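Chain and residue survey
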Amino acid sequence: MKLRVLILAALTLSVPLLLTARYGEAIAQEDGASSPPGTSRSGMVTPAPNQQHFGGVIGTTIGQSLADWPKLARAPEGAPNILLIMLDDVGFAQLGSYGAHRIQTPNIDRLAKNGLRYSNFHTTPLCSPTRAAILTGRNHHSVAMGVITELSTGFPGYNGRMPLSHGMLSEVLMPAGWSTFALGKWHLTPVEDVNLAASRKWWPLGRGFDRYYGFLGGTTSRFIPWLTHDNHFVRPPATPKEGYHLLTDMVDKAREYILDVKHIAPDRPFFMYFSPGGTRAPHHVPEEWIARYKGQFDEGWDHYREQALERQIELGIAPAGTKLSPRDPSIPEWKNLTPQQRNVFAHQMEVFAAYVSFVDHHVGQLVQLLEELGQLDNTLILVTSDNGASIEGGPEGSPNEVLFFNNVQVSLDTIAASSDKWGGPETFPIYAAGWAWAGNTPFLRWKRDTTRGGTAEPMIVHWPAAIKARGEIRTQFTHAIDVVPTVLDLLDMEMPASINGVAQAPMEGVSFASTFANPDAELQREAQYFEMAGRRAIYHDGWRAYAPWTFGQEITPEDLADPKWMLFNVKEDFSESTDVADKYPEKLEELRRLWWTQAGRFNVLPLDGRAVIRQAEPRPQMAAPRSRYVYHAGAGEVSSAVAANVLNRSHTITADVVIPDGGAEGVLLAQGGRFAGYSFFVKGDRLHYVHNYLGLEEYSVTSSVELPIGAVKLRYEFERSAPPNLAAGKGSPGIGRLYIDGSQVAEMEIPVTVPLAFSLSGEGLCVGWDSQSPAASAYHDEFPFSGTIRQVVVDLAN
């Protein structure tokens, strides 16, 4: 080979034609002329500075050249697959292997039995922040995800745009030879970028994943989901009547993605981020699964707590002698509830338990696939949840979680009327807060709070090929930011100095890989702060300080001048049952100061206690501000974050259409769906407008005359009569009017409108059809318009 290279080099000395690296053209040179740019004096082509390294020889002909292909990335031989299963709103006591009372999770429990369980693992108290932390190895404020994307604000720790300098695990593993897949809930894209015109920089494929299938937002219907496949929106492949459920669809796609790789490159490992969205609301589950739990929770949430703690101590998850944390004042004793309350709330828990088991079943399907492929032993599986169990259902639960995000709580009679449909596609349900409190046994409080009830989560690690321990428990303090450092440590890798040319910030977590073999391993970590919507906490060396705050209340400087903190010695008080702040004031002051130090370091400031009201804040848009929006049929749906915002303002919707001979019907413009929204449509030769107030009431305006044939201008006009009362869940009232070719044909008072959000699950603005669930009960499915829509214009008042 060396001889051949020397001969080829010698031949090129007298060759007058040289191949330029940039254009691939032969350029004639006279004897004795100086070498052109890109060539050496020997006449060989030299690579341009930005080209890949080329180790071959380029002559003027193929016979005088020696090829050298760019190397394809290959993981080290024997490298493991990595499966990160991110459950959603699962409390510390809601899996069998963590003491769940009567909730069956045999598949996850099997992983725990053959792996390790961590009893002191922590996350942030909310979805997006934990997902950002667990995928990057940095604190949530460091990656601009101080709160969920829907509540982002224009500050470095909160703007929802995860900096490229804080690379994800996928961005490290993909160029190192792993195939990378994300499935299910993402919730890491700024809401203003969840649209088909946006850059995909903050979509999964923009952050190192080869494939994606799931939903980009915080939640969606599990029966009629708003789906994204790779970089585009897609409709579900079947309907609820045909047996469709998102979980089954996700596992099918996971199987497809794994097999697509293994068929081509059997030894190539994969990293799969599997985020089923369960058990976050809506608690959607097939009826036959619900029936299995009939009567199982009639004893109530107090009994659940007692039984769960007893089981946790028996399993070794909680130390012997652990006491239940005190009852939260907002949670009534079960024995004091009315018979109607008990019946309604017990059924809500039956549906939730069925949902947990349904999620577990699909985790089992995924594990079974790995077994069938002979991949299970060498797959590192991590199972956890993003935060504690959720109280977003309020004190009595809710048949429609969109109510919570609009500050509305409905009566028990309204809730009871939905019981027979609870868990089906006609509801968007979540259970009463008492069940969340019980689900976080033995800790204080719940999701959104920085108590252990909001942040202490199950963590199961399963890797038979490398972990010899079976069924053991580890007690070291660990956190979501430790997962990436641990995985890289196990792979004998480091975070690259740069990713795609962007210099990388240091990791902020520490590896807990040493605990796999050594149950007493000490982790070299510093203090860990917590913060969410003004609620603060910090852990250091067995002590935990916590500052309560009323969710939704704005924080003032005066509030900070008189801080109210609690202190717990968690080495002796696992459940945070006893506040020792008065006994150890110096320790509390030390931790308070340490919290403020970390707050400055990790972009936590400014503190903001506001909650769902933040949805109303304007956010950056691709287009310049405008009050006139022109839409055409034939496009995908427009997400609510970038659609014409008609909430709480006067506006008109004008559709230029052509009605063919024989008439036409269908949706002209719709936004939202069954649980909140509006629709402007034609049916029965008449023009209609429906405002769906949170699934509670439909205000319908219908034309008094039939539509003419031919070109016609149809208009809906809303005249606001008063400002909204957002705190009370009431959007602006007003008068709705319909016009045909300029003539008024209907008028109706609309006493209340949707105040803050039409949907949590997509269901954006659609021209000529209605996506997902119908916004009006007058029609079914998408109800496409059968005439011609030339354009629809939405004009907004100030």
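Because the structure is predicted, anything quoted here is derived from the model rather than measured.

With that out of the way, let us pick up the overall build of the protein. When its secondary structure is counted, the protein shows 14 helices and 30 strands. A compact globule built from 798 residues would reach a C-alpha radius of gyration of about 28 Å, and the protein, at 30 Å, matches this within 12%. Summarising its shape, the C-alpha atoms of the protein cover approximately 95 × 80 × 55 Å along the three principal directions. Looking at the 798 residues of the protein, the share that counts as buried comes to 59%.

What follows concerns the packing of helix H5 (residues 246-264) against helix H8 (residues 339-372). The interhelical angle for the contact between H5 and H8, taken along N-to-C directions, is 15°, at an axis separation of 10 Å. Classed by the angle they form, the pair H5 and H8 counts as roughly parallel. In the packing of H5 onto H8, the handedness of the crossing is right-handed. Contacts from Leu-247, Thr-248, Val-251, Ala-254, Arg-255 and Ile-258 of H5 reach H8 at Tyr-355, Phe-358, Val-359, His-362, Gln-365, Leu-366, Leu-369, Leu-370 and Glu-372. Of the residues assigned to the contact of H5 with H8, the class counts are 10 nonpolar, 3 polar and 2 charged.

Before going further, it helps to spend a moment on helix H14 (residues 585-601). Between its first and last C-alpha, H14 extends 25 Å over 17 residues, near the 24 Å set by a 1.5 Å rise per residue. Along H14, the positions that sit buried rather than exposed are Leu-588, Leu-591, Arg-592, Trp-595, Gln-598 and Ala-599. The buried residues of H14 occupy an angular sector of 130° when the element is viewed end-on, so they sit on one face. In H14, the exposed positions angled more than 90 degrees off the buried face are occupied by Glu-586, Arg-593, Thr-597 and Gly-600. Where H14 is buried, its residues touch strand E16 (528-532), strand E17 (535-540), strand E18 (543-547) and strand E19 (566-569).

Right, let's get into unusual backbone geometry. Cis geometry is found at the peptide bond from Gly-278 to Thr-279, where omega equals 20°. The topology assignment puts Thr-279 in the loop between strand E9 (270-275) and helix H6 (287-291). That bond from Ala-281 to Pro-282 is cis: its omega, 5°, falls within 30 degrees of zero. Of note, Ala-533 is a non-glycine position whose phi angle comes to about 50°, a positive value.

With that settled, consider the confidence of the model for the protein. Residues of the protein with pLDDT of at least 70 account for 93%, and the chain-wide mean is 92. Contacts of residues 1-47 to residues separated by more than four positions or lying in other chains number 57 contacts, the stretch itself having pLDDT below 50.

The subject of this paragraph is the sheet that holds E18. Read from one edge to the other, the open sheet built from 4 strands follows the order E16-E17-E18-E19, with strand pairing classed as antiparallel. Taken across any chain shown, the strands that pair with only one partner, and hence form the sheet edges, are E16 and E19. Going from strand to strand, the sheet's axes swing by 15° on average, the running direction of each strand aside. For E18 and E19, the ladder comprises 4 bridges, and the chain directions are antiparallel.

Time to look at the nonpolar core. Within soluble globular proteins, side chains that are nonpolar tend to cluster in buried spots. Grouped together as the largest cluster of nonpolar side chains are 138 residues, with contacts concentrated most on Ile-103, Met-272, Phe-274, Trp-301, Leu-668, Phe-680 and Leu-714. In terms of residue count, the dominant contributor to this core is H8 (17 residues). Leaving out residues up to four positions away in the same chain, Ile-103 has contacts with Gln-94, Gly-96, Tyr-293, Phe-297, Tyr-304, Met-349, Phe-352, Ala-353, Val-356 and Ser-357. Within the second largest apolar cluster, 52 residues are counted, among which are Leu-84, Tyr-118, Leu-173 and Ala-182.

What follows is about the environment of Asp-781. Topologically, Asp-781 is positioned in the loop between strand E29 (766-767) and strand E30 (788-796). Residues Asp-781 and Ser-771, 10 residues apart in the sequence, show an inter-C-alpha distance of 7.8 Å. Not counting residues up to four positions away in its chain, the partners in contact with Asp-781 are Asp-770 and Pro-774.

Turning next to the sheet that holds strand E25 (residues 697-702). Here 5 strands make up an open sheet; going across it, the order is E25-E24-E23-E22-E29 and the pairing antiparallel. In this open sheet, the two edge strands, each paired with only one partner strand, are E25 and E29.

For helix H2 (residues 106-113), every residue scored as buried is listed here: Ile-108, Leu-111 and Ala-112. Down the axis of H2, the buried side of the element spans an arc of 100°, and every buried residue falls inside it. Pointing more than 90 degrees away from the buried face of H2 are the exposed residues Pro-106 and Lys-113. Those residues of H2 hidden inside the fold are in contact with strand E3 (81-87), strand E4 (116-122), H8, strand E10 (379-385) and strand E11 (456-462).

For the rest of this paragraph, the subject is the side chain of Gln-64. Structurally, Gln-64 is set in the loop between strand E2 (26-28) and E3. A relative accessible area of 16% means that Gln-64 is categorised as buried. One polar contact links Gln-64 to Thr-60, side chain to side chain, over a distance of 2.7 Å.

Look at H2 against H8: their axes get within 7 Å of each other, and the N-to-C directions meet at 55°. As the angle between them shows, H2 and H8 are arranged oblique. Within the contact between the two elements, H2 uses Pro-106, Asn-107, Ile-108, Arg-110 and Leu-111 and H8 uses Asp-360, His-361, Val-363, Gly-364, Val-367 and Glu-371.

Per the counting criterion, the structure on display carries 41 salt bridges. One salt bridge connects Lys-71 with Asp-68, and the closest N-O pair in it is separated by 3.7 Å. Since its relative accessible area comes to 70%, Lys-71 is described here as exposed. Arg-161 is paired through a salt bridge with Asp-193; the nearest N and O atoms lie 2.9 Å apart. With Arg-161 in the loop between helix H3 (127-136) and helix H4 (169-173) and Asp-193 in the loop between strand E5 (179-185) and strand E6 (211-215), this residue pair connects regions lying 32 residues apart in the sequence. A relative accessible area of 7% means that Asp-193 is categorised as buried. If you follow the salt bridges from partner to partner, you end up with Asp-89, Arg-280, Glu-392, Glu-401 and Lys-447 in one network.

Locating Trp-565 in the fold gives a position in the loop between helix H13 (557-561) and E19. The class of Trp-565 is buried, set by a relative accessible area of 9%. It is 40 Å that separates the C-alpha atoms of Trp-565 and Gly-214, two residues lying 351 residues apart in sequence.

Applying the stated criterion to the full structure yields 37 aromatic pairs. Their ring planes at 65° and their centres at 5.7 Å tell us that Tyr-678 and Phe-758 sit as a pair that is edge-to-face. In this pair, Tyr-678 sits in strand E23 (residues 676-683) while Phe-758 sits in the loop between strand E28 (743-750) and E29, placing the two residues 80 residues apart along the sequence. Both residues of the pair, Tyr-678 and Phe-758, count as buried. Aromatic rings pair up to connect Tyr-293, Phe-297, Trp-301, Tyr-304, Trp-334, Phe-345 and Trp-435 into one cluster. Lying over the aromatic face of Trp-595, Arg-536 brings its terminal NZ or CZ to 5.7 Å of the ring centre. It is Arg-715 that lies over the ring of Tyr-739; its NZ or CZ is 4.0 Å from the centre.

Position of Glu-706 among the secondary structure elements: in the loop between E25 and strand E26 (710-720). Linking Glu-706 and Arg-536, residues 170 residues apart in sequence, is a C-alpha distance of 61 Å. Those residues in contact with Glu-706 that sit more than four places away from it in its chain are Asp-685, Arg-686 and Ile-740.

Before going further, it helps to examine the pairing of strand E22 (residues 666-673). The element E22 is largely enclosed, with a buried count of 8 among its 8 residues. Note: E22 against E23, 7 bridges, orientation antiparallel. By the bridge assignment, Gly-672 is partnered in E23 with Gly-677. Summarising the sheet, E22 and E29 pair through 2 bridges and their orientation is antiparallel. Paired with Ala-670 across the two strands is Cys-766, which belongs to E29.

Criteria and thresholds
Residues numbered from 1 in each chain as written. Predicted model: local features only at pLDDT ≥ 70, side-chain atom pairs only at ≥ 80, totals over all residues. Heavy atoms only, no water. Helix = DSSP H or I, 4+ residues; strand = E, 2+ residues; numbered from the N terminus. Rg over C-alpha atoms; globule rule 2.2 N^0.38 Å. Buried < 20%, exposed > 50% of the residue type's maximum accessible area, 1.4 Å probe, protein only. Axes fitted to C-alpha atoms, helices over the stretch in contact; angles between N-to-C directions. Parallel < 35°, antiparallel > 145°, perpendicular 65-115°, else oblique. Left-handed = near helix turned anticlockwise from the far one by under 90°. Contact = heavy atoms within 4.5 Å. Nonpolar A, V, L, I, M, F, W, Y, C, P; charged D, E, K, R; others polar. Expected span 1.5 Å × (residues − 1). Arc of directions from axis to C-beta. pLDDT = per-residue confidence, 0-100. Pairing = 2+ DSSP bridges. Core = buried A, V, L, I, M, F, W, Y, C linked by side-chain atoms within 4.5 Å. Polar contact = N/O pair within 3.5 Å; in protein donor to acceptor, adjacent residues only side chain to side chain. Salt bridge = Lys/Arg side-chain N within 4 Å of Asp/Glu carboxyl O. Phe/Tyr/Trp six-rings, centres within 6.5 Å; stacked < 30°, edge-to-face > 60°. Lys NZ or Arg CZ within 6 Å of the ring centre and 35° of its normal.

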